[in-house]
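Report on the structure
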Amino acid sequence: MKINLLFLFILCCFSCKANHEEHASFQVVEETVDGTSEETGGVDDGSLVKTIAWNKGWKYADRAAIYSSSVKLYKASANRKNKVVAVNAGHGTKGGQAKKVPCHPDGSPKCVSGSTKAGATTAVAVAGGMSFLNKAKESDVTLKVALRLKDLLLAEGYDVLMIRETADTQLDNIARTVFANNNADIHIAIHFDGSKNDKGAFYVGVPNIASYKKMEPVASHWKEHEALGKALNEGMRKAGVKVWKSGSMAIDLTQTSFSTIPSIDYETGDAASDISDAGIKKMAQGYLNGIKLFFGN
């Protein structure tokens, strides 16, 4: 009897050790930017994930008003292209409308109206977003598109910086842009227009105003922003997503004003767009098509 008990004990220990080693093979310890470490694990496709904390030393970090959340960087497990795409699901910040951030890095006023009128020097930190004809919230739909796009990008070998993965993230528009500037190669903010006539998708272009185009970092990057927007339009067309007229609308945006990498606010449709599962899938594919076109992959 003693021999049998000893055998069972040894067998149990061996099984536990094997099980621990099996799970350990999917784990990695990554350093966050503030020097702390966080143990992370593989997601369903075997990719690795790194949690990145806010770094107050980043350029323009001192202009943000809401910055307490961290973000996650997902690394593709195969066919890696060594390109990081920042996927920013628009809106989704509780209390974002109660705080203000500067419109421009140099403190100058907005030159073209959008959600904030021209002449203003500060804008709402994060707007609440619109509602679709079926009453769905823009923040919920942009998140669905973002999560679908993340999966497609990882499968294609792109790494993905997910700015928002839940209903709420405490990051304003400047904070989101600063995270992207320091951890990604391109930055795409997913949005929908407030119109209700199924106008189609378009990117928010850079206003053709000399003073704005001369302001840094806009001066050094606005051509890249435009190239990314045009690539996304082509990607959407290829996926069968309707694109509005010329495919762009010029607005002075906080995101564009603070971006130091190719960056675009993309309006994926409007309140009348098809946001069924099939519609979301088509939109995400359009984004992927455009990203591949931009990178030449």
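This text gives an overview of the structure that appears in the document. Not measured: the values here are computed from a predicted model. Every chain is numbered independently, its residues counted from 1 as its sequence is written. It should be noted that, the model being predicted, local features are given only for residues of pLDDT at least 70 and side-chain atom pairs only at 80 or more, the latter also being counted only at that level, while totals for whole chains, interfaces and linings use all residues. For the side-chain quantities, the full set of heavy atoms in the structure was used; hydrogens and water were omitted.

Two side chains of opposite charge can pair, provided their charged atoms sit close to one another. Any carboxyl oxygen of Asp or Glu within 4 Å of a side-chain nitrogen of Lys or Arg constitutes a salt bridge here. Summed over all chains, the structure comprises six salt bridges. A salt bridge links D159 to R80; the nearest nitrogen and oxygen atoms lie 2.3 Å apart. Taken together, the positions of D159 in strand β8 (residues 159–162) and R80 in the loop between β4 (71–75) and β5 (84–89) put the pair 79 residues apart, joining distant regions of the chain. Burial status follows relative accessibility: with a 1.4 Å probe on protein chains alone, a residue under 20% of its type maximum counts as buried, one over 50% as exposed, and anything between as partly exposed. The class for D159 is buried, based on a relative accessible area of 4%. Using a relative accessible area of 38% as the deciding quantity, one classes R80 as partly exposed. Close ionic contact of K199 with D193 constitutes a salt bridge, the shortest N to O distance being 3.5 Å. Elements are defined by DSSP. Helices are runs of H or I of four residues or more, strands are runs of E of two residues or more, and each kind is numbered from the N terminus.

In this section: the side chain of H191. Relative to the helices and strands, H191 is located in strand β9 (residues 186–191). Within the structure, H191 has its side chain in polar contact with the side chain of H91 (distance 3.2 Å). Contacts of H191, omitting those with residues within four sequence positions, involve G90, H91, E138, T142, D265, Y266, E267, T268, G269 and Y287. Distance and chemistry together define a polar contact, namely a pair of N or O atoms within 3.5 Å, with one atom able to donate a hydrogen and the other to accept it when in protein, and with adjacent residues in sequence counting only for side-chain atoms on both sides. A contact between two residues is defined here by any heavy atoms of the two lying within 4.5 Å.

Two aromatic rings, drawn from Phe, Tyr or Trp (for Trp, its six-membered ring), form a pair once their centres lie within 6.5 Å of each other, and the interplanar angle then sorts them: stacked below 30 degrees, edge-to-face above 60, tilted otherwise. In the structure shown here, the tally under the stated rule is 10 aromatic pairs. Look at Y60 and F258: their rings are 5.3 Å apart centre to centre, the planes differ by 90°, and that puts the pair in the edge-to-face class. Of the two residues, Y60 is situated in the loop between β3 (48–52) and β4 and F258 in helix α6 (residues 254–258); the sequence distance between them amounts to 198 residues. Both residues of the pair, Y60 and F258, belong to the buried class.

As a further point, take the nonpolar core. In terms of nonpolar packing, the biggest core is built from 41 residues, with I188 and I291 touching the most fellow members. Counting residues per element, the ones that place at least two in this core are β5, α2 (138–155), β8, β9, β10 (201–205), α5 (218–239), β12 (263–267) and α7 (277–295). Each residue touching I291, except ones within four places of it in the same chain, is listed here: V85, L149, L153, Y158, I186, I188 and L232. Nonpolar cores are built from buried Ala, Val, Leu, Ile, Met, Phe, Trp, Tyr and Cys residues. Side-chain atoms within 4.5 Å join them into one set. With 24 residues, the next largest nonpolar core counts W54, A86, A125 and F258 among its residues.

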